[in-house]
Amino acid sequence: MDYYNKIIESVHIRFLKGNNYRVEKAVKVNDYQENENALILLHHGNLKFGEDQELVNEGEILFLPKGRKTVLTIGSSSKRAEMDFEQFSDSKRKYLQSISFKDIKSIDEDCISLINFESKVFDVVNFFNSLDIPPFIIRFNDRIATLIEDIVKELENGTVGKERVLKSLTEVLMIELLRHILKNRLFTEELSTNATYFKDPRLIDLFNYIKTNLNGDLSNKVLAQVANVSEDYVGQYFKMLTGINPQDYIEYQRMEAAVELLRTSKKSIRDIGKEVGYKDTAYFCRRFKMMYGVPAGKMRRRDSLISFQ
(Lines give C-alpha, C1' and ligand atoms only; values in the text may rest on other atoms or scores of the structure.)
Protein backbone atom coordinates (compact mmCIF):
# COMPACT_ATOMS: atom_id res chain seq x y z
CA MET A 1 0.00 0.00 0.00
CA ASP A 2 2.84 2.42 0.82
CA TYR A 3 4.20 1.76 -2.67
CA TYR A 4 1.04 3.10 -4.32
CA ASN A 5 0.78 5.97 -1.88
CA LYS A 6 4.24 6.99 -3.09
CA ILE A 7 2.92 6.86 -6.65
CA ILE A 8 0.09 9.24 -5.81
CA GLU A 9 2.47 11.61 -4.02
CA SER A 10 4.86 11.56 -6.98
CA VAL A 11 2.29 12.30 -9.70
CA HIS A 12 1.43 15.91 -10.50
CA ILE A 13 -2.26 16.06 -11.50
CA ARG A 14 -3.79 18.98 -13.39
CA PHE A 15 -7.21 19.52 -14.95
CA LEU A 16 -6.94 20.71 -18.55
CA LYS A 17 -10.35 20.95 -20.19
CA GLY A 18 -13.77 19.37 -20.46
CA ASN A 19 -17.00 19.54 -22.42
CA ASN A 20 -20.35 17.89 -23.11
CA TYR A 21 -21.22 16.89 -26.66
CA ARG A 22 -24.32 15.87 -28.57
CA VAL A 23 -23.50 13.55 -31.48
CA GLU A 24 -24.74 15.30 -34.62
CA LYS A 25 -23.57 12.59 -37.01
CA ALA A 26 -22.19 9.13 -36.35
CA VAL A 27 -18.49 8.80 -37.15
CA LYS A 28 -15.74 6.17 -37.06
CA VAL A 29 -12.20 7.49 -36.54
CA ASN A 30 -9.57 4.91 -37.43
CA ASP A 31 -6.66 6.40 -35.48
CA TYR A 32 -8.31 8.48 -32.76
CA GLN A 33 -6.04 9.84 -30.03
CA GLU A 34 -5.97 12.51 -27.35
CA ASN A 35 -3.05 14.84 -26.65
CA GLU A 36 -3.59 14.30 -22.92
CA ASN A 37 -5.28 11.63 -20.80
CA ALA A 38 -9.01 11.57 -21.55
CA LEU A 39 -12.12 10.12 -19.96
CA ILE A 40 -15.26 9.79 -22.07
CA LEU A 41 -18.50 9.21 -20.15
CA LEU A 42 -21.30 7.85 -22.34
CA HIS A 43 -24.67 9.27 -21.28
CA HIS A 44 -26.82 8.08 -24.18
CA GLY A 45 -26.23 6.26 -27.45
CA ASN A 46 -23.40 4.24 -28.87
CA LEU A 47 -19.64 4.25 -28.25
CA LYS A 48 -17.17 1.59 -29.43
CA PHE A 49 -13.39 1.37 -29.50
CA GLY A 50 -10.50 -0.81 -30.58
CA GLU A 51 -9.98 -3.14 -33.50
CA ASP A 52 -12.72 -5.41 -32.15
CA GLN A 53 -15.04 -2.42 -31.56
CA GLU A 54 -15.70 -3.22 -27.91
CA LEU A 55 -18.98 -1.70 -26.75
CA VAL A 56 -19.12 0.92 -24.01
CA ASN A 57 -22.49 0.78 -22.25
CA GLU A 58 -24.44 3.85 -21.15
CA GLY A 59 -23.10 5.13 -17.83
CA GLU A 60 -19.67 3.59 -18.44
CA ILE A 61 -16.41 5.43 -19.13
CA LEU A 62 -13.74 4.94 -21.77
CA PHE A 63 -10.24 5.88 -20.61
CA LEU A 64 -7.77 6.97 -23.28
CA PRO A 65 -4.17 7.46 -22.10
CA LYS A 66 -2.25 10.29 -23.72
CA GLY A 67 -1.13 9.52 -27.27
CA ARG A 68 -2.55 5.97 -27.44
CA LYS A 69 -4.29 5.48 -30.78
CA THR A 70 -7.49 3.48 -31.12
CA VAL A 71 -10.38 2.98 -33.50
CA LEU A 72 -13.27 5.02 -32.07
CA THR A 73 -16.89 4.93 -33.20
CA ILE A 74 -19.30 7.56 -31.84
CA GLY A 75 -23.04 7.56 -32.55
CA SER A 76 -25.84 5.03 -33.02
CA SER A 77 -26.69 5.56 -36.68
CA SER A 78 -25.64 2.83 -39.12
CA LYS A 79 -24.97 5.61 -41.63
CA ARG A 80 -21.68 6.92 -40.38
CA ALA A 81 -18.68 8.63 -41.85
CA GLU A 82 -15.27 6.95 -41.65
CA MET A 83 -12.04 8.95 -41.56
CA ASP A 84 -8.63 9.44 -40.01
CA PHE A 85 -7.99 11.59 -36.95
CA GLU A 86 -6.69 14.58 -38.89
CA GLN A 87 -9.87 14.71 -40.99
CA PHE A 88 -12.00 14.37 -37.87
CA SER A 89 -10.12 17.17 -36.09
CA ASP A 90 -10.66 19.50 -39.05
CA SER A 91 -14.42 18.86 -39.12
CA LYS A 92 -15.17 17.98 -35.48
CA ARG A 93 -18.09 20.42 -35.17
CA LYS A 94 -19.90 18.57 -37.93
CA TYR A 95 -20.05 15.48 -35.70
CA LEU A 96 -19.98 16.76 -32.11
CA GLN A 97 -21.95 19.79 -30.90
CA SER A 98 -21.21 21.34 -27.49
CA ILE A 99 -24.18 21.35 -25.12
CA SER A 100 -24.71 22.11 -21.44
CA PHE A 101 -24.85 19.42 -18.78
CA LYS A 102 -28.46 20.43 -18.10
CA ASP A 103 -29.35 19.65 -21.71
CA ILE A 104 -27.76 16.20 -21.45
CA LYS A 105 -30.21 15.26 -18.72
CA SER A 106 -33.22 16.41 -20.74
CA ILE A 107 -32.57 14.75 -24.13
CA ASP A 108 -32.40 11.16 -25.36
CA GLU A 109 -29.99 11.81 -28.23
CA ASP A 110 -26.47 10.40 -28.34
CA CYS A 111 -24.29 12.45 -25.99
CA ILE A 112 -21.03 12.22 -24.06
CA SER A 113 -18.95 14.13 -21.54
CA LEU A 114 -15.21 14.34 -22.18
CA ILE A 115 -12.51 15.64 -19.86
CA ASN A 116 -8.73 15.89 -20.26
CA PHE A 117 -6.22 15.87 -17.45
CA GLU A 118 -2.47 15.76 -17.02
CA SER A 119 -0.69 13.24 -14.81
CA LYS A 120 3.08 13.58 -14.73
CA VAL A 121 5.59 11.83 -12.53
CA PHE A 122 7.49 14.65 -10.82
CA ASP A 123 6.17 17.00 -13.54
CA VAL A 124 8.12 15.33 -16.33
CA VAL A 125 6.81 11.95 -17.54
CA ASN A 126 3.18 11.04 -18.27
CA PHE A 127 2.20 8.47 -15.64
CA PHE A 128 0.00 6.28 -17.84
CA ASN A 129 2.42 6.44 -20.77
CA SER A 130 5.21 5.28 -18.50
CA LEU A 131 3.11 2.25 -17.52
CA ASP A 132 2.19 1.53 -21.15
CA ILE A 133 -1.51 1.17 -20.25
CA PRO A 134 -3.84 0.78 -23.28
CA PRO A 135 -7.32 2.34 -23.61
CA PHE A 136 -9.89 0.49 -21.49
CA ILE A 137 -13.48 0.64 -20.25
CA ILE A 138 -14.26 1.58 -16.66
CA ARG A 139 -17.33 -0.51 -15.81
CA PHE A 140 -19.54 -0.48 -12.72
CA ASN A 141 -17.93 2.59 -11.17
CA ASP A 142 -20.52 5.20 -10.29
CA ARG A 143 -17.93 7.10 -8.26
CA ILE A 144 -15.80 7.97 -11.30
CA ALA A 145 -18.88 8.74 -13.40
CA THR A 146 -20.14 11.12 -10.71
CA LEU A 147 -16.76 12.86 -10.50
CA ILE A 148 -16.77 13.45 -14.26
CA GLU A 149 -20.28 14.89 -14.02
CA ASP A 150 -19.23 17.11 -11.10
CA ILE A 151 -16.30 18.41 -13.14
CA VAL A 152 -18.33 19.31 -16.22
CA LYS A 153 -21.00 20.91 -14.03
CA GLU A 154 -18.32 22.96 -12.26
CA LEU A 155 -17.04 24.15 -15.64
CA GLU A 156 -20.42 25.80 -16.20
CA ASN A 157 -20.32 27.36 -12.75
CA GLY A 158 -19.35 31.02 -12.71
CA THR A 159 -18.92 31.35 -8.95
CA VAL A 160 -15.73 31.98 -7.02
CA GLY A 161 -13.26 29.14 -6.48
CA LYS A 162 -13.99 27.23 -9.69
CA GLU A 163 -10.33 26.58 -10.54
CA ARG A 164 -9.62 25.29 -7.03
CA VAL A 165 -12.62 22.95 -7.14
CA LEU A 166 -11.61 21.62 -10.56
CA LYS A 167 -8.10 20.93 -9.26
CA SER A 168 -9.43 19.08 -6.21
CA LEU A 169 -11.95 17.03 -8.18
CA THR A 170 -9.32 16.03 -10.73
CA GLU A 171 -6.93 14.87 -8.02
CA VAL A 172 -9.67 12.72 -6.48
CA LEU A 173 -10.52 11.42 -9.96
CA MET A 174 -6.93 10.28 -10.49
CA ILE A 175 -6.93 8.49 -7.14
CA GLU A 176 -10.23 6.75 -7.92
CA LEU A 177 -8.88 5.72 -11.32
CA LEU A 178 -5.82 4.12 -9.73
CA ARG A 179 -8.03 2.45 -7.09
CA HIS A 180 -10.20 1.02 -9.87
CA ILE A 181 -7.13 -0.39 -11.65
CA LEU A 182 -5.83 -2.00 -8.45
CA LYS A 183 -9.21 -3.28 -7.22
CA ASN A 184 -9.94 -4.99 -10.54
CA ARG A 185 -6.34 -6.17 -10.91
CA LEU A 186 -5.98 -4.49 -14.28
CA PHE A 187 -2.58 -4.20 -15.96
CA THR A 188 -0.76 -5.86 -13.07
CA GLU A 189 2.14 -6.79 -15.34
CA GLU A 190 2.47 -3.22 -16.64
CA LEU A 191 2.37 -1.83 -13.11
CA SER A 192 5.03 -4.22 -11.87
CA THR A 193 7.44 -3.93 -14.81
CA ASN A 194 7.15 -0.33 -16.02
CA ALA A 195 6.94 1.77 -12.85
CA THR A 196 10.63 2.67 -13.16
CA TYR A 197 10.24 6.00 -11.45
CA PHE A 198 9.10 4.43 -8.17
CA LYS A 199 11.54 1.53 -8.09
CA ASP A 200 14.81 3.44 -8.23
CA PRO A 201 15.28 5.45 -5.02
CA ARG A 202 18.19 7.34 -6.58
CA LEU A 203 15.89 8.92 -9.15
CA ILE A 204 13.33 9.85 -6.50
CA ASP A 205 16.14 11.38 -4.43
CA LEU A 206 17.14 13.46 -7.45
CA PHE A 207 13.59 14.70 -8.04
CA ASN A 208 13.18 15.65 -4.40
CA TYR A 209 16.57 17.34 -4.18
CA ILE A 210 15.92 19.44 -7.30
CA LYS A 211 12.48 20.48 -6.08
CA THR A 212 13.80 21.69 -2.71
CA ASN A 213 16.99 23.33 -4.00
CA LEU A 214 15.90 25.32 -7.03
CA ASN A 215 17.94 28.35 -5.97
CA GLY A 216 21.05 26.33 -5.21
CA ASP A 217 23.80 24.55 -7.12
CA LEU A 218 22.17 21.92 -9.35
CA SER A 219 25.16 21.12 -11.53
CA ASN A 220 25.71 17.58 -12.75
CA LYS A 221 28.51 17.32 -10.18
CA VAL A 222 26.04 17.94 -7.32
CA LEU A 223 23.36 15.70 -8.86
CA ALA A 224 25.90 12.90 -9.20
CA GLN A 225 26.63 13.12 -5.49
CA VAL A 226 22.92 12.98 -4.65
CA ALA A 227 22.33 9.92 -6.85
CA ASN A 228 25.65 8.32 -5.91
CA VAL A 229 26.69 7.87 -9.54
CA SER A 230 29.58 9.33 -11.50
CA GLU A 231 29.41 12.90 -12.82
CA ASP A 232 29.95 11.62 -16.37
CA TYR A 233 27.03 9.19 -16.04
CA VAL A 234 24.39 11.19 -14.16
CA GLY A 235 23.04 13.00 -17.25
CA GLN A 236 22.75 9.76 -19.21
CA TYR A 237 21.16 8.03 -16.22
CA PHE A 238 18.54 10.74 -15.76
CA LYS A 239 17.66 10.91 -19.45
CA MET A 240 17.53 7.13 -19.81
CA LEU A 241 14.79 6.92 -17.15
CA THR A 242 12.85 10.12 -17.91
CA GLY A 243 13.47 10.96 -21.56
CA ILE A 244 14.80 14.44 -20.70
CA ASN A 245 18.22 15.66 -19.66
CA PRO A 246 18.51 16.94 -16.06
CA GLN A 247 19.36 20.56 -16.90
CA ASP A 248 16.26 20.92 -19.12
CA TYR A 249 14.16 19.45 -16.32
CA ILE A 250 15.71 21.83 -13.80
CA GLU A 251 14.97 24.85 -15.97
CA TYR A 252 11.37 23.72 -16.41
CA GLN A 253 10.98 23.40 -12.63
CA ARG A 254 12.56 26.80 -12.03
CA MET A 255 10.27 28.50 -14.55
CA GLU A 256 7.17 26.81 -13.14
CA ALA A 257 8.16 28.00 -9.67
CA ALA A 258 8.65 31.51 -11.09
CA VAL A 259 5.18 31.47 -12.64
CA GLU A 260 3.68 30.46 -9.30
CA LEU A 261 5.50 33.30 -7.52
CA LEU A 262 4.36 35.79 -10.16
CA ARG A 263 0.78 34.72 -9.56
CA THR A 264 0.83 34.53 -5.78
CA SER A 265 3.33 37.12 -4.53
CA LYS A 266 4.26 40.77 -4.96
CA LYS A 267 7.97 40.08 -5.14
CA SER A 268 9.98 41.89 -7.80
CA ILE A 269 11.01 40.11 -11.01
CA ARG A 270 14.62 40.38 -9.80
CA ASP A 271 13.85 38.71 -6.47
CA ILE A 272 11.77 35.98 -8.11
CA GLY A 273 14.59 35.20 -10.52
CA LYS A 274 17.05 34.85 -7.63
CA GLU A 275 14.63 32.73 -5.62
CA VAL A 276 14.33 30.16 -8.41
CA GLY A 277 18.06 30.04 -9.14
CA TYR A 278 18.90 32.84 -11.60
CA LYS A 279 21.53 35.30 -10.39
CA ASP A 280 21.38 37.27 -13.66
CA THR A 281 17.96 38.97 -13.94
CA ALA A 282 18.37 39.76 -17.64
CA TYR A 283 19.14 36.13 -18.43
CA PHE A 284 16.16 34.99 -16.36
CA CYS A 285 13.86 37.35 -18.28
CA ARG A 286 15.21 36.14 -21.65
CA ARG A 287 14.70 32.49 -20.75
CA PHE A 288 11.23 33.18 -19.32
CA LYS A 289 10.08 34.91 -22.50
CA MET A 290 11.57 32.15 -24.63
CA MET A 291 9.68 29.48 -22.68
CA TYR A 292 6.29 31.19 -22.27
CA GLY A 293 6.22 33.65 -25.17
CA VAL A 294 5.55 36.68 -22.94
CA PRO A 295 7.75 38.70 -20.54
CA ALA A 296 7.46 37.83 -16.86
CA GLY A 297 5.97 41.23 -16.00
CA LYS A 298 3.33 40.92 -18.71
CA MET A 299 2.30 37.49 -17.46
CA ARG A 300 1.85 38.93 -13.97
CA ARG A 301 -0.34 41.78 -15.29
CA ARG A 302 -2.37 39.39 -17.44
CA ASP A 303 -3.03 37.03 -14.52
CA SER A 304 -4.01 39.96 -12.31
CA LEU A 305 -6.56 41.12 -14.87
CA ILE A 306 -7.96 37.59 -15.27
CA SER A 307 -8.35 37.08 -11.52
CA PHE A 308 -10.55 40.15 -11.17
CA GLN A 309 -12.79 39.60 -14.18
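Residues numbered from 1 in each chain as written. Predicted model: local features only at pLDDT ≥ 70, side-chain atom pairs only at ≥ 80, totals over all residues. Heavy atoms only, no water.

## Looking at the nonpolar core
Okay, step 1: Ranked by internal contacts, the top residues of the largest apolar core, which has 54 residues, are L39 and F128.
Okay, step 2: It is helix 7 (residues 162–183) that contributes the most residues to this core, seven residues altogether.
Okay, step 3: Filtering out sequence-adjacent residues up to four positions away, F128 remains in contact with N37, F63, P65, F117, S119, I133, M174, L177 and I181.
Okay, step 4: Grouped together as the second largest cluster of nonpolar side chains are 22 residues, V23, V29, L42 and L62 included. (Core = buried A, V, L, I, M, F, W, Y, C linked by side-chain atoms within 4.5 Å. Buried < 20%, exposed > 50% of the residue type's maximum accessible area, 1.4 Å probe, protein only. Helix = DSSP H or I, 4+ residues; strand = E, 2+ residues; numbered from the N terminus. Contact = heavy atoms within 4.5 Å.)

## Remarks on unusual backbone geometry
Backbone phi values are negative for most residues with the exception of glycine, while trans is the configuration of most peptide bonds.
Okay, step 1: For F140, which is not glycine, the phi torsion reads 55° and is therefore positive.
Okay, step 2: Judged by relative accessible area, F140 falls into the exposed class, the value being 78%.
Okay, step 3: Positive phi is not limited to glycine here, since R185 has a value of about 50°.
Okay, step 4: Relative to the helices and strands, R185 is located in the loop between helix 7 and helix 8 (188–194).
Okay, step 5: Classification of R185 by relative accessible area gives exposed; the value is 64%.

## Comments concerning the confidence of the model for the chain
Okay, step 1: Of the residues in the chain, 95% reach a pLDDT of 70 or more, and the chain-wide mean stands at 90.
Okay, step 2: Every residue in residues 303–309 scores below 50 in pLDDT, and together they form one contact with partners more than four places removed in sequence or on other chains. (pLDDT = per-residue confidence, 0-100.)

## Some points on the sheet that holds strand 8 (residues 81–83)
Neighbouring strands of a sheet are bound in pairs by backbone hydrogen bonds; such pairs are parallel or else antiparallel.
Okay, step 1: Strands sit in the order 5-4-7-2-8 across an open sheet of five strands; the sheet is mixed. Strands at the two margins of the open sheet, each flanked by one partner only, are strand 5 (54–56) and strand 8. Sheet twist, expressed as the mean angle between neighbouring strand axes with direction ignored, is 20°. (Pairing = 2+ DSSP bridges. Axes fitted to C-alpha atoms, helices over the stretch in contact; angles between N-to-C directions.)

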